[in-house]
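# Report on the structure
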Amino acid sequence: MSPVDADRTVMRALADDWRWLRHVSHDGGRTWSLGKVDSSLAFFPFNARQLMFDWHPTDPDVVWSFGGDWPTRSNDGGKTFEWAGNGQNAVFVAGHFAFNPHHPGLLFLSSQDYNGGVTHDGGETWRYTPVSGQGWGGFVYGGLAISPEVVVGGNAVAGWGGERVLRVSRDGGATWAEEPSVRWTSSPANAAYGIDGGLVDPHDPELAFVAGFRTDDGGQTWSAMHDVHGVYAASESGRLFGVRAGTAQSSVVASDDDGQTWSTVLEVDGSIDDLAATPDGQTVYLASQSRMWRYRLGG
């Protein structure tokens with residue numbers, strides 16, 4: 001209810017199939033009309049969610065609403081709400097993301113609920129990417145732009161914690177096709193576990209990794225790796241660093257043959273949430289157990 005005009009009221013009503021509608025009254029609730037949402041300026045599809053309203057303290061025409069994963073604003077007392085999310089982002093980018101060392105302005109951010117978006121100019125402009133083919137969005141993890149043309153991401157059809165199946169775009173994210181042989185789960189207790197993230201090798205633009213899989217032909221074909229669940233970093237010498245995850249103990253693993261084989265260089269208790277290596281490959285930094293760790297590997 002507006003603090004300066006008690007006749008102006010907005011409310012939400014819950015219905016089936018995510019039809020959570022806005023209603024507005026300008027006569028103290030005696031009559032109601034259905035509020036409209038103009039999301040033409042929004043980047044992603046608009047999805048209804050639980051709504052909260054906040055009236056302007058002195059202007060009865062202005063009311064804000066949060067719901068649909070970004071804020072909207074009405075300038076007509078709640079009859080029409082428009083996207084008002086400039087500078088605000090409430091869309092969840094799940095897992096890890098990586099820049100492309102061969103194309104510094106290229107980045108694909110996959111999203112839990114909204115498929116994702118790709119930029120070719122360092123974030124100045126973005127292109128929506130309908131990875132899953134679902135109109136409302138999609139649960140996509142471990143997105144990676146291997147090149148301006150080839151973009152990949154793990155589509156979780158069954159839900160947030162479900163199995164990811166790799167989908168590949170060869171036209172910059174406009175259209176997508178499934179790679180059914182590339183599958184992983186989000187639980188380290190599962191034998192098919194893979195980390196939701198990828199990496200393009202800084203020395204070879206055709207060599208890339210997603211979860212526990214590798215491609216050496218720019219995403220045309222994929223093969224499963226052993227003893228590694230995700231690749232995080234590469235040294236100047238070409239040595240790769242990754243993680244083999246476990247429920248009680250995890251390992252930092254390294255490869256000197258472009259990810260074909262992996263060996264353990266460090267074991268730690270608990271999980272490893274992120275990893276980085278110095279350019280010489282002698283020191284690794286770990287985010288683990290809510291702390292930052294630095295290990296000198298030597299040699």
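Figured I'd write up the structure that's included with this text. (Residues numbered from 1 in each chain as written. Predicted model: local features only at pLDDT ≥ 70, side-chain atom pairs only at ≥ 80, totals over all residues. Heavy atoms only, no water.)

### Topic: the pattern of salt bridges
All told, the structure shown has six salt bridges when counted by the stated rule. For the salt bridge of Arg 239 with Asp 256, the shortest nitrogen-to-oxygen distance reads 3.2 Å. With a gap of 17 residues between them, Arg 239 in the loop between β20 (230–234) and β21 (240–244) and Asp 256 in the loop between β22 (249–255) and β23 (263–269) connect regions that are remote in the sequence. A single salt-bridge network, built from bridges that share partners, covers Asp 5, Arg 8 and Asp 61. (Salt bridge = Lys/Arg side-chain N within 4 Å of Asp/Glu carboxyl O. Helix = DSSP H or I, 4+ residues; strand = E, 2+ residues; numbered from the N terminus.)

### Observations concerning the side chain of Arg 167
Here Arg 167 lies in strand β14 (residues 164–169). For the buried Arg 167, which has no salt bridge, the nearest side chain bearing the opposite charge is Glu 178, at an N-O separation of 4.1 Å. Within the structure, the side chain of Arg 167 is placed 2.6 Å from the backbone oxygen of Val 131, a separation counted as a polar contact. Ignoring anything within four residues of it in the chain, the contact list for Arg 167 reads Val 131, Ser 132, Val 151, Val 152, Gly 153, Asn 155, Trp 176, Ala 177 and Glu 178. (Buried < 20%, exposed > 50% of the residue type's maximum accessible area, 1.4 Å probe, protein only. Lys, Arg positive; Asp, Glu negative; His and termini not counted. Polar contact = N/O pair within 3.5 Å; in protein donor to acceptor, adjacent residues only side chain to side chain. Contact = heavy atoms within 4.5 Å.)

### Re the sheet that holds β22
Ordered by their spatial adjacency, four strands build an open sheet running β20-β21-β22-β23, and the pairing between neighbours is antiparallel. Of all the strands in the sheet, the pair left with one neighbour each is β20 and β23. Taking each pair of neighbouring strands and ignoring which way they run, the sheet shows an average axis angle of 25°. (Pairing = 2+ DSSP bridges. Axes fitted to C-alpha atoms, helices over the stretch in contact; angles between N-to-C directions.)

### Some details on the sheet that holds strand β1 (residues 9–13)
Spatial strand order, β1-β2-β3: three strands in an open sheet with antiparallel pairing. Strands at the two margins of the open sheet, each flanked by one partner only, are β1 and β3 (33–34). Taken together, the two bridges between strand β2 (residues 21–25) and β3 define a ladder with antiparallel strand orientation. From the neighbouring strand, Val 24 faces β3, where its bridge partner is Ser 33.

Interpretation note: all reported values are geometric properties and have no functional meaning in isolation.
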